[in-house]
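An overview of the molecular structure
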Amino acid sequence: MLRSPESAQQATYVELFFDLVMVFALNRLVASAVTGLEGPGLDSSDVGRRWTTLGRTLLLFVPLFWMWAITAYRTARLNPRSPGAQWAILTTGFALLIMGANVEHVFDGGGALPFALSYVVGQLSWFVIFAVMLGRHPLARVYWRVALWFTGSAPLWIIGAFAPGRAQLLLWIIAAVIDVGAARLGWPAPRLGRGRTSAWTVAPHHLSDRYTQLVLISLGETFLAVGIIYSSGADRGHRYATVALVTSFVTVVLLWRIYFHRAGLVLGEAVAAARDSAGLGRFVASVHAVMIFGTVITAIGHEIIQGHIFGRTYPAWLVLILGGPACYLVGRAALEHAVFSRVSPRRWIGIGVLLATAVPLINAPPLAAGITAALVLFGVAIVDTRRAARRPLEEPHPADSRKNWSWWRHP
């Protein structure tokens with residue numbers, strides 16, 4: 001049942017099937033955020049509602065991403081072609097499906113309990129099952145510790161589903177902090193110790209590919225979100241609506257190009273070659289969470305552009321349209337440091353330009369902000385290409401050759 005050194009590193013079809021469910025969950029998260037950002041009260045002074053929507057989006061992103069990440073780590077340790085691992089992936093995919101189907105109704109519509117139950121059961125059940133199946137194997141102790149910590153956060157998720165308003169937010173924030181924070185600490189438990197092994201040492205290429213695939217999925221969500229709005233809108237085919245659609249497409253292509261040139265392309269080699277592959281892998285996983293969240297809020301921003309091409313630009317909208325690419329570049333800069341032990345100045349320049357343009361763009365329509373962000377990304381991509389054209393392909397030089405990553409804990 002456990003993965004051996006000879007096991008194939010590429011993702012199996014059942015894992016790609018699970019990723020399709022993640023596409024749906026991210027799509028519903030984007031749709032939920034857009035509804036909160038442009039629903040009733042749009043033309044009023046209800047500024048707090050928009051910022052609350054952004055905070056809720058981040059809160060819901062955490063369990064969705066964590067469900068995917070924990071599943072990826074399980075399949076990195078287990079043979080993904082074994083029946084037990086495949087059943088675990090499929091049933092977890094069903095739990096993720098229920099979560100995605102209830103995202104839009106978590107805070108007002110009775111979707112909180114199905115969302116919380118699916119998350120808790122989907123996470124907790126398989127850790128207990130595999131811990132029992134592994135018996136006296138050392139990995140069983142790890143799974144028991146993880147199950148113990150999830151048992152501690154589970155009541156907060158469930159009780160929060162019944163709590164009103166701010167109480168729900170507070171309980172779920174605490175639960176999310178426990179889930180992620182426990183992993184950072186290695187899930188310490190009395191008599192069971194704390195985690196000292198990592199899935200990144202078992203299958204570095206497999207996990208690198210899985211995170212790369214998740215980036216592609218999140219980028220594709222922008223196509224899905226904006227394409228649906230464009231094809232169903234009253235302005236379908238109008239030249240300005242088409243310009244907004246093209247802007248979205250170009251933005252996603254540029255994000256894809258920036259990721260794969262070249263750190264994302266050699267990520268697996270870098271982690272496998274690192275002296276501390278576990279520590280570097282943990283850092284890389286967290287960096288990808290930042291980038292993926294950046295693509296999610298970019299998708300929200302471009303869906304808003306498609307619906308309000310020449311409307312008023314609210315500050316919260318500008319945070320999405322410009323902040324999404326900026327968040328992505330922050331994660332990409334950290335990934336570059338992890339893979340090549342350096343960060344190109346153009347990353348920071350691009351982030352700085354995106355932030356600086358927010359001041360004049362507050363008085364411009366949303367489409368102008370989208371075009372500006374695309375131009376900044378185009379500049380970063382062009383400099384990447386010109387720099388690479390004059391030099392041989394850069395080989396990975398993992399950052400742990402200069403820095404020990406063991407302090408950065410992850411499952």
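Let me sum up the structure you'll find in this document. No experiment lies behind these values; they were computed from the predicted model shown.

Right, let's talk about helix α11 (residues 277-307) for a bit. Its 31 residues give α11 an end-to-end C-alpha distance of 45 Å, which sits within 8% of 45 Å, the value for a rise of 1.5 Å per residue. Most of α11 is tucked away, with 29 of its 31 residues classed as buried.

For the structure on display, the rule yields 21 aromatic pairs. Aromatic side chains Phe 127 and Tyr 143 sit 5.4 Å apart centroid to centroid with 70° between the ring planes, which places their arrangement in the edge-to-face category. Of this pair, Phe 127 sits in helix α4 (residues 112-134) while Tyr 143 sits in helix α5 (residues 138-162), and the two are 16 residues apart along the sequence. Exposure remark for Phe 127: the relative accessible area of 4% places this residue in the buried category. Each ring, one from Tyr 240 and one from Phe 310, has its centre 4.9 Å from the other, and the planes form 85°; the classification is edge-to-face. Note that Tyr 240 is positioned in helix α9 (residues 239-260) and Phe 310 in the loop between α11 and α12 (315-340), a separation of 70 residues in sequence.

Formed by 131 residues in total, the largest nonpolar core has its most connected members in Leu 96, Trp 172, Ile 300 and Leu 335. The element that contributes the greatest number of residues to this core is α11, accounting for 15 residues. Leaving out residues up to four positions away in the same chain, Leu 335 has contacts with Tyr 259, Ala 263, Gly 264, Leu 267, Val 284, Val 287, His 288 and Met 291.

Turning to a nonpolar patch on the surface, a few remarks are in order. Residues Leu 216, Phe 223, Val 246, Phe 249, Val 250, Val 253 and Trp 256 make up a contiguous nonpolar surface patch of roughly 590 Å² in combined accessible area. Among the secondary structure elements, those contributing two or more residues to the nonpolar patch are α8 (204-232) and α9. Ranked by the residues each element gives to the nonpolar patch, the list is headed by α9, at five residues. Position of Leu 216 among the secondary structure elements: in helix α8.

Scoring rules and cut-offs
- Residues numbered from 1 in each chain as written.
- Predicted model: local features only at pLDDT ≥ 70, side-chain atom pairs only at ≥ 80, totals over all residues.
- Heavy atoms only, no water.
- Helix = DSSP H or I, 4+ residues; strand = E, 2+ residues; numbered from the N terminus.
- Expected span 1.5 Å × (residues − 1).
- Buried < 20%, exposed > 50% of the residue type's maximum accessible area, 1.4 Å probe, protein only.
- Phe/Tyr/Trp six-rings, centres within 6.5 Å; stacked < 30°, edge-to-face > 60°.
- Core = buried A, V, L, I, M, F, W, Y, C linked by side-chain atoms within 4.5 Å.
- Contact = heavy atoms within 4.5 Å.
- Patch = residues over 30% accessible without salt bridge, like charges linked within 9 Å, V, L, I, M, F, W, Y side chains within 5 Å.
- Areas by Shrake-Rupley, 256 points an atom, 1.4 Å probe, with all protein chains shown as cover.
- Salt bridge = Lys/Arg side-chain N within 4 Å of Asp/Glu carboxyl O.

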